[in-house]
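# Fold and geometry: a report
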Amino acid sequence: MSDSEDVLATAAAWRAAGEAVALATVVETWGSSPRPAGSRLAVSASGRLAGSVSGGCIEGAVADAAKQTMASGTPQLLDFGISDERAWEVGLACGGKLKVFVEKLS
Amino acid sequence: MTPETLAALEAAKAAKRPVALLTRLSDGTQHLWPEAEVPAPLAEAAAKALADDAAANLTLDGEAWFIHPHNPPLRLIVVGAVHIAQALVPMAQAAGYAVTVVDPRRAWATAERFPGITLIHEWTDDAVAALAPDARSAVVTLTHDPKLDDPALDAALTSDCFYIGALGSRRTHAKRVARLTEAGHSAEAIARIHAPVGLNIEAVTAPEIALSILAEVVATRRGAALARRPALAA
């Protein structure tokens, strides 16, 4: 899991430099999710991204949620457990399902 | 995540200490195990997640928890500071392995050839024994010289490392098997050695051979069918 730890170090560096940062972590997957549980995406207030929670399909939606959590301080549990036909709307074309936990780095 | 939790996670990483981050998904409350005292079911799930190196979910008193293991990196011990090693080391680092290169020949194991890599110049049996390969370690011998490879293999075979690979043709390996048998290793123990090293991708160049070796290490680690091959006739 060294890649997820590198994301944490990057997030810590952004935070130390004074930026607001949120962390998104895959906490559960079903089906053909490209990244396993524990995969992390860090998002900074200025829009910098490190790591990933999918093959790139849901990062945009997760980054939006991350900005909300940065502002509110309230964690969120995002559920991308959606049907295959709806998957196209957020770009989860693989048809996998996953839950992503989003928290602020305080 | 609080600054305290983040600092504790970073400290564990620096000390190469395995820890599990436990997060209550309803409100983001977090504990770091084993530092923090937690209810027994959480502690058991944390220990299991670290042993399996896989994240897990647990429901405790109606609350969903995420169990996130943070293990120190897997290790790769490369014996022989040769050309193939120069290609293998950065690939293995990119895959998340902590790499050490062992070669008593100081002309080969130089910082210029292996920038930023831990180099050990002791004789290979002492060096491998001192590194104490564990179940999260792989050992690859690349010197092609029995004087250097054999003592390293001897030490690796007495460890519980998850992968042992040895460079050399089938013919070279047959002679190696005879020597290791003579040295007292059982056929079962010797069968742990992957030789000729690497998945058979018809590799020719040093980087291609390095790729085949790293692919076999990963396949073994992940339990892929590709990592299993019939034992060679000695």
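Throughout this document, residue positions are counted from 1 along each chain, in the order its sequence is written. Throughout, the order in which chains and ligands are written sets their labels, letters from A for the former and numbers from 1 for the latter. Since the coordinates come from a predicted model, pLDDT governs what is reported: local features require at least 70, and pairs of side-chain atoms require 80 or more to be given and counted, while whole-chain, interface and lining totals use all residues.

A few words now on the overall build of chain B. The helix and strand inventory of chain B stands at eight helices and 10 strands. Along the three orthogonal principal directions, the C-alpha set of chain B runs to about 60 × 40 × 35 Å. Exposure criterion: with C-beta atoms placed from backbone coordinates, a residue whose C-beta has 20 or more other C-beta atoms within 10 Å is buried, one with 12 or fewer is exposed, and one in between is partly exposed. When each of the 234 residues of chain B is scored for burial, the buried share is 40%. Here the analysis covers contacts within chain B between residues at least 6 apart in sequence; of these, 56% occur between residues at least 24 apart. Think of it this way: any DSSP run of H or I at least four residues long counts as a helix, any run of E at least two long counts as a strand, and we number them from the N terminus. A pair of residues counts as a contact when their C-beta atoms, built from backbone coordinates, are within 7 Å of each other.

Across its full length, chain A holds three helices and five strands. Taken over 106 residues, chain A has a buried fraction of 45%. Residue pairs in contact within chain A that sit at least 24 positions apart in sequence constitute 56% of those at least 6 positions apart.

Let us now look at the sheet that holds strand β6 (residues 98-102) of chain B. Residue and element names in this part refer to chain B. The six strands lie next to each other as β7-β6-β5-β8-β9-β10, forming an open sheet whose pairing is parallel. Looking along the sheet, the strands with just one partner apiece sit at the ends: β7 (118-120) and β10 (193-194). In short, DSSP must find at least two bridges between two strands for them to pair. Note: strand β9 (residues 163-166) against β10, two bridges, orientation parallel. Within β10, the position partnered with I164 by the bridge is I193.

Further remarks concern the sheet that holds strand β2 (residues 40-44) of chain A. All names here are of chain A. Strand order across the open sheet formed by five strands is β3-β2-β1-β5-β4, with antiparallel pairing between neighbours. Bordering the open sheet on either side are β3 (49-51) and β4 (76-79), each of which pairs with just one other strand. The average undirected angle you get between the axes of adjacent strands in this sheet is 20°. Sheet topology places strand β1 (residues 21-30) next to strand β5 (residues 97-104); eight bridges connect them, and they run antiparallel. Of the residues in β5, the one forming a bridge with L23 is E103. Interaxial angles span 0 to 180 degrees and are taken between N-to-C directions of axes, which are lines fitted to C-alpha atoms, for helices over the stretch in contact.

Moving on to the nonpolar core. The nonpolar side chains of a soluble globular protein tend to be buried, and buried together. Defined on buried residues, the nonpolar core groups Ala, Val, Leu, Ile, Met, Phe, Trp, Tyr and Cys residues joined through C-beta atoms within 7 Å. Of all hydrophobic cores here, the largest spans 48 residues; its most connected members are B:V78, B:V79, B:V128 and B:V139. Sorting elements by how many residues they give to this core places helix α5 (residues 146-157) of chain B first, with six residues. Membership of the second largest hydrophobic core comes to 43 residues, among which are A:F80, B:M1, B:L9 and B:I67.

Time to look at the packing of helix α4 (residues 124-131) of chain B against α5(B). Residues and elements named next belong to chain B. Close contact between α4 and α5 brings their axes to 7 Å; oriented N to C, the two are set at 30°. Relative to α5, α4 is oriented roughly parallel. Of the two possible hands of crossing, α4 and α5 adopt the one that is right-handed. Residues T124, D125, V128 and A129 of α4 pack against L148, P151, A152, D154, A155 and A156 of α5. Looking at the contact of α4 with α5 residue by residue, the classes come out as seven nonpolar, one polar and two charged. Just so you know how the angles are binned, under 35 degrees is roughly parallel, over 145 roughly antiparallel, 65 to 115 roughly perpendicular, and the rest oblique. Helix crossings get a hand from a simple test, with the near helix turned counterclockwise from the far one by less than a right angle marking a left-handed crossing and a clockwise turn marking a right-handed one. In this classification, the charged set is Asp, Glu, Lys and Arg, the nonpolar set is Ala, Val, Leu, Ile, Met, Phe, Trp, Tyr, Cys and Pro, and all remaining amino acids, among them Gly, are polar.

Let us look at the interface of chain B and chain A. At the junction of the two partners, chain B supplies 20 residues and chain A supplies 18 residues. Where the side of chain B that touches chain A is concerned, the elements lending two or more residues are α1 (3-14) and β4 (63-70) of chain B. Here the side of chain B that touches chain A is built from residues that sort into nine nonpolar, eight polar and three charged.

Now for the pairing of β4(B). All names here are of chain B. Of all eight residues in β4, six are buried; the element is thus mostly enclosed. The sheet contact formed by strand β1 (residues 19-24) and β4 spans six bridges and is antiparallel. When the sheet's bridge partners are listed, T23 is paired in β4 with F66. Bridge count between strand β3 (residues 56-60) and β4: five bridges; the pairing is antiparallel. Within β4, the residue paired with N57 across the bridge is F66. In textbook terms, the turn of a hairpin is the stretch between consecutive antiparallel strands, and for β3 and β4 this stretch comprises two residues, one of which, D61, has a positive phi near 55°.

Once that is clear, we can look at the confidence of the model for chain B. Confidence of the prediction at every residue is given by pLDDT, a number between 0 and 100. Averaged over every residue, the pLDDT of chain B is 94; residues scoring 70 or more account for 98%. Confidence estimates for the predicted assembly give a pTM of 0.84 and an ipTM of 0.84.

Attention now goes to the domain arrangement of chain B. Structurally, chain B comprises domain 1 (3-70) and domain 2 (75-227). Its C-alpha centre places domain 1 of chain B at a distance of 34 Å from the equivalent point of domain 2 of chain B. All domain edges in this entry derive from an automatic or database-based domain assignment.

Next up on the list: helix α2 (residues 59-72) of chain A. Residue and element names in this part refer to chain A. Under the 1.5 Å per step criterion, the end-to-end length of α2 is 20 Å for 14 residues, consistent within 8% with the ideal 20 Å. If you check which residues of α2 are buried, you get V62, A66 and T69. Here the buried residues of α2 occupy an arc of 65° about the axis, which is enough to place them on one side. With respect to the buried face of α2, the exposed residues turned more than 90 degrees away are G60, D64, A71 and S72. Those residues of α2 that are buried are in contact with β1, β2, β4 and β5. At the exit of α2 stands G73, carrying a positive phi of roughly 80°. Expected span of a helix, by definition, is 1.5 Å for each gap between consecutive residues, and there is one gap fewer than residues. An arc is given here, and it is the one of the directions from the helix axis to the C-beta atoms.

The next subject is the pairing of β9(B). Residues and elements named next belong to chain B. On β9, burial covers both faces: Y163 and G165 on one face and I164 and A166 on the other are all buried. Across four bridges, the pairing between strand β8 (residues 137-141) and β9 is parallel. Counterpart to V139 in the pairing with β9 is I164. A right-handed crossover is one whose linking path, passing over the helix from the first strand to the second, runs clockwise when the strands point away from the viewer. Taking the sense of rotation as the criterion, the β-α-β connection linking β8, α5 and β9 turns out right-handed.

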